[in-house]
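Structural features, examined
Now for the letters of each chain:
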Amino acid sequence: MKSTMLGLATAILTAVGSAHAQDPSPGNAEAGAVVFKRCMACHRVGPDAKNGVGPVLNGVVGRAAGTSPGYSYSAANKNSGLTWDEPTLTTYLRAPRKLVPGTKMTFAGLSKDQDVADVIAYLKQFNAQGQKAAP
């Protein structure tokens, strides 16, 4: 009986611990600004941002995929039917080509959950015109 209870307790703690490990802490926009430097080879944000290798990411959180004005998206991205909400961005930033096969984005993805959460927190600050929302 003791071993059964111990086994059950261990299973519950493992499941809870595993679920907790998958949930990153809330994103930190300041830390996200640092992580976003890796993205700047292709993407920009802010009032003077322009499309480059990748589209401007102003107002990306909540925007439909493949719709930033003036950027030539892959058919895969334009036709994905995705909206860049937090869960979708989380999946995409971990492995872009896995979520959208055929995307032009060649970045392999961010491996750390906290980096993903931080970048999303950073991007959420920028409206479609590139203005930072007040904290």
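To be clear, the structure that these remarks concern was listed above.
Just so it is clear, the model here is predicted, and its values are computed rather than measured. (Residues numbered from 1 in each chain as written. Predicted model: local features only at pLDDT ≥ 70, side-chain atom pairs only at ≥ 80, totals over all residues. Heavy atoms only, no water.)

**Looking at the pattern of salt bridges**
The final tally for this structure, using the stated rule, is three salt bridges. A salt bridge links arginine 38 to aspartate 115; the shortest N-O distance between them is 3.1 Å. Taken as a pair, arginine 38 in the loop between α2 (29–36) and α3 (75–78) and aspartate 115 in helix α6 (residues 113–124) lie far apart in primary sequence, 77 residues in all. Overall, arginine 38 belongs to the partly exposed group, its relative accessible area being 47%. (Salt bridge = Lys/Arg side-chain N within 4 Å of Asp/Glu carboxyl O. Helix = DSSP H or I, 4+ residues; strand = E, 2+ residues; numbered from the N terminus. Buried < 20%, exposed > 50% of the residue type's maximum accessible area, 1.4 Å probe, protein only.)

**Quick notes on helix α4 (residues 86–94)**
Counting along an α-helix, one turn takes 3.6 residues, and residues three or four places apart therefore face a common direction. Looking at α4, one finds that the buried residues are Thr88, Leu89, Thr90, Tyr92 and Leu93. In the core, the buried residues of α4 are packed alongside α3, α5 (96–99) and α6. (Contact = heavy atoms within 4.5 Å.)

**Details of the nonpolar core**
The biggest cluster of nonpolar side chains holds 21 residues, and the ones touching the most others in it are Phe36, Val45, Trp84, Val119 and Leu123. For this core, the secondary-structure elements that each account for two or more residues are α2, α4 and α6. Top element by residues in this core is α6. It accounts for five residues. (Core = buried A, V, L, I, M, F, W, Y, C linked by side-chain atoms within 4.5 Å.)

**Topic: the side chain of aspartate 118**
For aspartate 118, the position within the fold is in helix α6. Despite its burial, aspartate 118 pairs with no opposite charge; the closest candidate is arginine 38, at 8.6 Å N-O. Ignoring any residue separated from it by four or fewer positions in sequence, one finds aspartate 118 in contact with Pro26, Gly27, Asn28, Ala29, Ala31 and Gly32. (Lys, Arg positive; Asp, Glu negative; His and termini not counted.)

**What about the packing of aromatic side chains?**
This structure, assessed with the given rule, holds four aromatic pairs. The interplanar angle of 75° and the centroid separation of 5.2 Å between the aromatic rings of tyrosine 122 and phenylalanine 126 together place this pair among those described as edge-to-face. Like phenylalanine 126, tyrosine 122 is buried. Within the aromatic cluster, the residues linked to one another by ring pairs are Phe36, Tyr122 and Phe126. (Phe/Tyr/Trp six-rings, centres within 6.5 Å; stacked < 30°, edge-to-face > 60°.)

**A look at α2**
Among all positions of α2, only Gly32, Val35 and Phe36 are buried. Buried residues in α2, looked at end-on, bunch into an arc of 100°, giving them a common side. Of the exposed residues in α2, the ones pointing more than 90 degrees away from its buried face are Glu30 and Val34. Along its buried surface, α2 packs onto α6. The opening residue of α2, the one whose side-chain oxygen lies 2.9 Å from the backbone nitrogen of glutamate 30, is asparagine 28. (Arc of directions from axis to C-beta. Polar contact = N/O pair within 3.5 Å; in protein donor to acceptor, adjacent residues only side chain to side chain.)

**Observations concerning the packing of α2 against α6**
Two quantities define a packed helix pair, namely the angle between the axes and the distance from one axis to the other. As a packed pair, α2 and α6 sit with axes 7 Å apart at the nearest point and diverge in direction by 100°. It follows that α2 is roughly perpendicular to α6 by the angle criterion. Contacts between α2 and α6 involve Ala29, Ala31, Gly32, Ala33, Val35 and Phe36 from the first element and Asp115, Asp118, Val119, Ala121, Tyr122 and Leu123 from the second. For the contact of α2 with α6, the residue count by class is nine nonpolar, one polar and two charged. (Axes fitted to C-alpha atoms, helices over the stretch in contact; angles between N-to-C directions. Parallel < 35°, antiparallel > 145°, perpendicular 65-115°, else oblique. Nonpolar A, V, L, I, M, F, W, Y, C, P; charged D, E, K, R; others polar.)

That is the geometry; function is a separate question.
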